[in-house]
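For reference, the chains in residue letters:
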Amino acid sequence: MKPASGIEGLLRELMPQVLGVVARRYGDIDDAEDAVQEALLAAARQWPAEGTPDNPAGWLIAVASRRMADRLRNETARRRREFVAASAEPAEEPPPVPDRVDSLVLLFLCCHPALTPTSAIPLTLRAVGGLTTAEIARAFLVPEATMAQRISRAKQRIKESGTPFAMPTAGEWAERLRWVLHVLYLIFTEGHAASSGGRVVAPELSAEAIRLTRMVHALLPDDPEVAGLLALMLLNEARRPARTGPSGELVPLAEQDRAKWDRALIAEGVALVSAALPKGAVGQYQVQAAIAAVHNEAKTADETDWPQILALYGLLDRMADNPMVTLNRAIAAAMVDGPAAGLELLAGLDERLAGHHRLDAVRAHLLEMAGDAAAAIAHYRAAAGRTTSVPERDYLLMRAADLTAKSRSTLKH
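Remember, predicted model here, so these are calculated numbers, not experimental data.

## Notes on helix α13 (residues 284-297)
Helix length check: α13 (14 residues) gives 20 Å between terminal C-alpha atoms against 20 Å at 1.5 Å per residue, within 8%. Within α13, 12 of the 14 residues are buried, leaving the element largely enclosed by the surrounding structure. Of all the positions in α13, only Tyr285, Gln286, Val287, Gln288, Ala289, Ala290, Ile291, Ala292, Ala293, Val294, His295 and Asn296 are classed as buried. In this structure, the buried side of α13 is in contact with α9 (173-192), α11 (224-237), α12 (263-276) and α14 (306-319).

## Some words on the environment of histidine 356
Following the sequence through the fold, histidine 356 ends up in the loop between α16 (339-346) and α17 (357-370). Judged by its relative accessible area of 30%, histidine 356 falls in the partly exposed class. Separated by 30 residues in sequence, histidine 356 and arginine 386 place their C-alpha atoms 7.0 Å apart.

## Focus on the nonpolar core
Of all hydrophobic cores here, the largest spans 88 residues; its most connected members are Leu60 and Leu107. A per-element tally of this core places helix α1 (residues 4-26) first, with 11 residues. The contact partners of leucine 60, leaving out residues within four places of it in the chain, are Leu11, Leu14, Val18, Ala39, Leu40, Ala43 and Trp47.

## Quick look at the pattern of salt bridges
According to the stated counting rule, one finds 14 salt bridges in the structure shown. Put simply, arginine 178 and glutamate 175 hold a salt bridge, and the shortest N to O gap is 2.7 Å. Separated by 3 residues within a single helix, arginine 178 and glutamate 175 lie in helix α9, roughly one turn from each other. With a shortest N-O distance of 2.9 Å, arginine 363 and aspartate 350 are connected by a salt bridge. A residue pair is termed long-range when its members are at least 10 positions apart, and arginine 363 in helix α17 and aspartate 350 in the loop between α16 and α17 qualify at 13 residues.

## Some details on the packing of helix α6 (residues 117-127) against helix α7 (residues 133-140)
When two helices pack together, their arrangement is given by the angle between their axes and by how far apart the axes lie. In contact at an axis separation of 9 Å, α6 and α7 are set at 140° when each is read in the N-to-C sense. Between α6 and α7, the angle is such that the two are oblique. Seen from above, α6 lies across α7 with right-handed handedness. Contacts between α6 and α7 involve Ile121, Pro122, Leu125 and Arg126 on the former and, on the latter, Thr133, Ile136 and Phe140. Partitioning the contact of α6 with α7 into residue classes produces 5 nonpolar, 1 polar and 1 charged.

What counts as what
- Here the residue numbers are simple positions, counted from 1 along each chain's written sequence.
- In view of the model being predicted, local features appear only for residues whose pLDDT reaches at least 70, and side-chain atom pairs are presented and counted only at 80 or more, with totals across whole chains, interfaces and linings using the full set of residues.
- To get the side-chain values, all heavy atoms of the structure are used, and hydrogens and water are removed first.
- Secondary structure counts use DSSP, requiring at least four H or I residues in a row for a helix and at least two E residues in a row for a strand, with both numbered from the N terminus.
- For a helix, the expected span equals 1.5 Å multiplied by the residue count minus one.
- Note on classification: 1.4 Å probe, protein chains only; a residue is buried when its accessible area is under 20% of the maximum for its type, exposed when over 50%, partly exposed between these limits.
- Throughout, a contact is declared for two residues whenever any of their heavy atoms are within 4.5 Å.
- Put simply, a nonpolar core is a bunch of buried Ala, Val, Leu, Ile, Met, Phe, Trp, Tyr and Cys residues held in one set by side-chain atoms that sit within 4.5 Å of each other.
- Note on definitions: salt bridges are taken to be side-chain nitrogens of Lys or Arg within 4 Å of carboxyl oxygens of Asp or Glu.
- Axes, fitted as lines to C-alpha atoms, cover a helix only where it is in contact. Angles between the N-to-C directions of the axes lie from 0 to 180 degrees.
- Roughly parallel means an angle under 35 degrees; roughly antiparallel means over 145; roughly perpendicular covers 65 to 115; every other angle is labelled oblique.
- Should the near helix be turned anticlockwise from the far one by less than a right angle, the crossing is termed left-handed; should it be turned clockwise, right-handed.
- In the scheme used here, Gly and all other residues not listed as nonpolar or charged are polar, with Ala, Val, Leu, Ile, Met, Phe, Trp, Tyr, Cys and Pro taken as nonpolar and Asp, Glu, Lys and Arg as charged.

Below, the structure written as structure tokens:
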């Protein structure tokens, strides 16, 4: 018999597979999720005492299907006849373990182009990731009721769109997969660098993004961009143990203790991107993964191959009209050709990133490199006033304070 903690982990793992089967069978993700939740509660009560069944997924599907059948019986005769015609009563023998493709179908449904990222991300975490609404709300620092409303509206939007619970057609495939990868990327990014609150990272989000991307990669092993995204996540996740100090403070890349980096994740990420790059058209995630690999393979910050990183950012900048890419390219340019080269690239971003704290932070760093302490201090303080991340604000204020102290010391002498 599995211990209670083991059963809880098993239920969380099985939840998206079971929901995928039930939602596909009955065509309604909202009612299906309620039925699956009832099945999970029943399992949590019964399995610790009676033992885990030989086919736990089949058990959950059978119970959830009976819950759906009960709901349908209480509706109108027309709905009842449609149900009987479409689906017979579940057999007493549990159905076979679901194909994991059902989880992929569910992921595609949640990452629907009719939804904004604000809606798609929590729905994906709820339906496919198995996180509770409270857990998602805590990760994004919003009230649970607010997050519940977002998830409910996302389900309603999908229902109103009339999208069938099925894989995209051949004509829809590329665009839908691109959107799925984008949603997973956004989930990981929020976990890797929490955009607000008192934490540098939100590890529950980055871990879930990696798990879901591994699932997609297992089902689409020959897709180079899926491999590139997984590599990018692993290479960044490898640095997480060194990204915070003893008090949870932010530690920038150049100051991190590289002995704390996870070498197994680095090796896996490098192998993935190395295998993906020769397969055909190179995509944005592969290039980003290649940049992360160059950083991670440097034994010290001083040994970083900045010319290679600059070349990769130049390629990425041509592929994606994204001001954040140009911002990172400016840092690489400053490391290769001096701060003036980086500041020149930043000049073209003032309108597109007006008011964004990252522009002020990078400009402050490059001005400090250039020896303009007064301007650097002003931009460090401006960036600190604009960020919603407490650790990032504290780091920026510390940089301004240190630079102010150095400037005063220089004047005294």
